[in-house]
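These are the residues of each chain, in order.
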Amino acid sequence: DVKVTQSSRYLVKRTGEKVFLECVQDMDHENMFWYRQDPGLGLRLIYFSYDVKMKEKGDIPEGYSVSREKKERFSLILESASTNQTSMYLCASSLLTRDYNEQFFGPGTRLTVL
Amino acid sequence: KNQVEQSPQSLIILEGKNCTLQCNYTVSPFSNLRWYKQDTGRGPVSLTIMTFSENTKSNGRYTATLDADTKQSSLHITASQLSDSASYICVVSASYGNKLVFGAGTILRVKS
């Protein structure tokens with residue numbers, strides 16, 4: 001079974017703090033993704049990576065950065081957290097295939113910024 | 001603009017009853033459509049995938065249909081169980097890479 005784990009299930013931070021969310025997958029997948037999920041909206045892609053040290057902006061990259069130093073690990077960084085970044089953050093991974101690209105998701109991190 | 005719209009937003013049914021969830025999309029060019037199930041506090045898990053040439057696919061009590069001409073899909077749940085209570089998300093893939101377009105989901109609650 002593919003396993004995608006995220007470092008925290010719940011996180012509470014203060015405005016202006018630097019926040020690190022970590023994601024690890026154990027299936028040697030090339031692609032990794034960070035999404036945020038808000039009520040009434042579909043998942044929105046923040047950043048993705050198709051290889052070590054490679055990253056691509058998604059639909060809503062503002063206020064976020066990412067790091068992929070190892071194939072199995074993909075980190076999301078909030079340089080200076082703001083209240084509008086309170087959300088559920090989901091990490092996913094998939095094989096580097098063009099189609100039928102099932103993404104396997106982690107359990108999510110619910111981040112609250114006060 | 002690529003969009004996926006799901007209806008209803010939420011649904012409450014009695015255990016044992018059937019229900020159907022709807023998904024309309026405008027994603028182009030179309031590659032495939034997946035239905036994901038997301039239990040509370042967990043990440044989404046894929047239920048079915050359908051490509052352009054498929055119009056029905058089943059996974060146990062879940063049956064998905066696809067009409068590529070009208071750009072509509074449905075997920076039918078038969079003989080619902082309490083464990084079916086979850087959010088069901090329709091996801092459409094455009095055929096130019098890893099781009100996925102997510103619907104907002106339908107929240108299903110099955111009552112005893």
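Please refer to the structure placed before this passage.
As the structure is a prediction and not an experimental result, all values here were calculated from the model.

Calculation criteria
Residues numbered from 1 in each chain as written. Chains lettered and ligands numbered in written order. Predicted model: local features only at pLDDT ≥ 70, side-chain atom pairs only at ≥ 80, totals over all residues. Heavy atoms only, no water. Contact = heavy atoms within 4.5 Å. Buried area = accessible area lost by both parts, 1.4 Å probe. Salt bridge = Lys/Arg side-chain N within 4 Å of Asp/Glu carboxyl O. Polar contact = N/O pair within 3.5 Å; in protein donor to acceptor, adjacent residues only side chain to side chain. Helix = DSSP H or I, 4+ residues; strand = E, 2+ residues; numbered from the N terminus. Nonpolar A, V, L, I, M, F, W, Y, C, P; charged D, E, K, R; others polar. Disulfide = S-S within 2.5 Å. Buried < 20%, exposed > 50% of the residue type's maximum accessible area, 1.4 Å probe, protein only.

Asker: An account of the interface of chain B and chain A is needed here, citing residue identities and associated values.
Answerer: Of the residues lining the interface, 23 residues belong to chain B; the matching set on chain A comes to 22 residues. Where chain B abuts chain A, roughly 1,700 Å² becomes buried across the two surfaces, and 46% of that area is made up of carbon and sulfur atoms. Applying the counting criterion to the chain B and chain A interface returns one salt bridge. A salt bridge links E102(A) to R34(B); the shortest N-O distance between them is 3.9 Å. Our count for the chain B to chain A interface comes out at four residue pairs in polar contact (both at pLDDT 80 or more). Residue assignment for the side of chain B that touches chain A shows that the elements contributing at least two residues are β4 (30-38), β5 (45-51), β9 (86-94) and β10 (100-102) of chain B. A total of five residues in the side of chain B that touches chain A trace back to one element, the largest contributor, which is β4(B). Taken together, the residues that form the side of chain B that touches chain A break down as eight nonpolar, twelve polar and three charged.

Asker: Talk me through the state of the cysteines; I want residue IDs and the actual numbers.
Answerer: Under the criterion given, the structure shown has two disulfides over all chains. Here C23(A) engages in a disulfide with C91(A); their sulfurs sit 1.9 Å apart. Torsion about the S-S bond of the C23(A) and C91(A) cystine: about -75 degrees, corresponding to left-handed handedness. Taken together, the residues C23(A) in strand β3 (residues 19-25) and C91(A) in strand β9 (residues 87-94) connect sequence positions 68 residues apart. Given a relative accessible area of 0%, C23(A) falls into the buried group. The disulfide that involves C23(B) links it to C90(B), with 2.0 Å between the sulfurs. Residues C23(B) and C90(B) share a disulfide whose torsion about the S-S bond is about -65 degrees; that sign makes it left-handed. Of the two residues, C23(B) sits in strand β3 (residues 19-25) while C90(B) sits in strand β9, which places them 67 residues apart along the sequence. Of the two residues, C23(B) and C90(B), both sit in the buried class. The cysteine C19(B) is free of any disulfide, with C90(B) supplying the nearest cysteine sulfur at 15 Å. Using a relative accessible area of 6% as the deciding quantity, one classes C19(B) as buried.

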